[in-house]
Amino acid sequence: MITRLFLTAAISVALSALALAQEHPAAKPTEQHAVLQKEVGIWETETTWWPNGPDGPSMKCSGIETNSSIGDGLWVVREFVGKLGNHVYEGSGQYGYDLKTKKYIGTWVDSINYRVTFMEGTFNPEKNELIMFSQKEVIAGQVLNCRSVTKYTGDNKKDAIIYAELPGGKEISPPPA
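Residues numbered from 1 in each chain as written. Predicted model: local features only at pLDDT ≥ 70, side-chain atom pairs only at ≥ 80, totals over all residues. Heavy atoms only, no water.

**Examining the pattern of salt bridges**
Our working rule: Each salt bridge in this description consists of a side-chain nitrogen of Lys or Arg and a carboxyl oxygen of Asp or Glu lying within 4 Å of one another. Strands here mean DSSP runs of E at least two residues long; helices mean DSSP runs of H or I at least four residues long; both are numbered from the N terminus. Burial here depends on accessible area, computed with a 1.4 Å probe over protein chains only, as a share of the maximum for the residue type. Under 20% is buried, over 50% is exposed, and the range in between is partly exposed.
Enumeration according to the criterion identifies five salt bridges in this entry. Ionic pairing is found between E39 and K158, a salt bridge with its closest N-O pair at 2.4 Å. Residue E39 is located in the loop between α2 (31-36) and β1 (41-49), and its partner K158 is located in strand β9 (residues 157-165); the two are separated by 119 residues in the primary sequence. Both residues of the pair, E39 and K158, count as buried. Between E65 and K158 there is a salt bridge; the shortest N-O distance is 3.0 Å. Separated by 93 residues along the polypeptide, E65 in strand β2 (residues 59-70) and K158 in strand β9 bring together distant segments of the chain.

**Considering the nonpolar core**
Where we set the bar: Buried Ala, Val, Leu, Ile, Met, Phe, Trp, Tyr and Cys residues form a nonpolar core when they are joined through side-chain atoms within 4.5 Å. In this analysis, two residues are considered to be in contact whenever any of their non-hydrogen atoms come within 4.5 Å of each other.
Membership of the largest hydrophobic core comes to 16 residues, with the highest contact counts inside it found for Y104 and L130. Looking at this core, the elements with two or more residues in it are α2, β3 (75-84), β4 (87-98), β5 (103-110), β6 (117-124) and β7 (129-139). Not counting residues up to four positions away in its chain, the partners in contact with Y104 are Q32, V35, L36, G96, Y97, M119, E120, G121, T122, F123, L130 and M132.

**Some words on the environment of W75**
Along the polypeptide, W75 turns up in strand β3. We classify W75 as partly exposed; its relative accessible area is 34%. Taking the C-alpha atoms as reference points, W75 and Y97, 22 residues apart in sequence, are found 7.8 Å from one another. If we skip the residues at most four places from it in the chain, W75 touches Q37, S68, S69, I70, Y95, G96 and I105.

**A few points about the environment of T150**
Here T150 is to be found in strand β8 (residues 142-154). Excluding residues that lie within four positions of it along the chain, T150 makes contacts with E39, N128, E129, L130, K158, D159 and A160.

**Description of the packing of aromatic side chains**
A ring pair, where both rings are aromatic, is described by two values, the distance of the centres and the angle of the planes. Test applied: Each Phe, Tyr or Trp ring, with Trp reduced to its six-membered ring, pairs with another whose centre is within 6.5 Å; inter-plane angles below 30 degrees give stacked pairs, above 60 give edge-to-face pairs, and intermediate values give tilted ones. Either the NZ atom of lysine or the CZ atom of arginine qualifies as a charge over a ring when it sits within 6 Å of the ring centre and within 35 degrees of the ring normal.
For the structure on display, the rule yields two aromatic pairs. Residues Y97 and Y104 carry aromatic rings whose centres are separated by 4.8 Å and whose planes lie at 65 degrees to one another, so their mutual orientation is edge-to-face. The exposure classification of Y97 matches that of Y104, with both residues buried. A cation sits over an aromatic face here: R78 above Y95, 4.7 Å from the ring centre.

**Overview of the side chain of H33**
To keep it simple, the criterion reads: Whenever two N or O atoms come within 3.5 Å, that pair is a polar contact, provided that in protein one can donate a hydrogen and the other can accept it, and provided that, for residues adjacent in sequence, both atoms are side-chain atoms.
Tracing the backbone shows H33 in helix α2. Looking at H33, the relative accessible area reads 3%, which means it is buried. At 3.3 Å, the side chain of H33 and the backbone oxygen of Y97 are in polar contact.

**Concerning the pairing of β2**
Which entries qualify depends on this criterion: Being paired, for any two strands, means DSSP has found at least two bridges between them.
As paired strands, β2 and β3 are joined by ten bridges and run antiparallel to one another. Bridge pairing links N67 to R78 in β3. Hairpin connection, β2 to β3: the antiparallel pair is bridged by four residues, and G71 has positive phi, about 65 degrees.

**Topic: the pairing of β4**
Pairing of β3 with β4, which is carried by ten bridges, proceeds in the antiparallel orientation. Pairing of E79 across the sheet is with S92, part of β4. The hairpin formed by β3 and β4 contains two residues between the paired strands, and G85 there has a positive phi angle of roughly 65 degrees. In terms of strand pairing, β4 meets β5 through eight bridges, oriented antiparallel. Bridge assignment links S92 to a residue of β5, and that residue is V109. Where β4 folds back on β5, the antiparallel hairpin that results is connected by four residues, among which K102 adopts a positive phi of roughly 60 degrees.

This is how it looks when you write it as structure tokens:
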């Protein structure tokens, strides 16, 4: 009896998997997914930001970002480890392209935030820039709208700037170089 029940269950699972495979063929990367492949590799990073705006003191974080491609190029997984002052800073993200919304999408988690950051954005081919928008809770209840601009400036070179919008609508960014 147990053998018959197990055999029936195994056949049901096999038939369900076959039907699912016929109904939902494997996703294939598009030209939009190829944009994200520019991120694949190991990057040495040096980040400077101004948490209190361009007139305040800056903070630096250096580290290693390791990005890999999964799903035959559908997704890029980002792993970051660095030093923030005397502390280790770690983060991880996943990035892809949503064919339904026609937007780049991503998530980010790290060792200094207790919430997942969800991102959505576009790629500007004329400027070779990936622009992602997100919201970040920085102080209990205070949410900042953020805009991240990554400009690909050559083989194995990119510059990224994150802008934040303060309550009231004023956007803060790094001071001019």
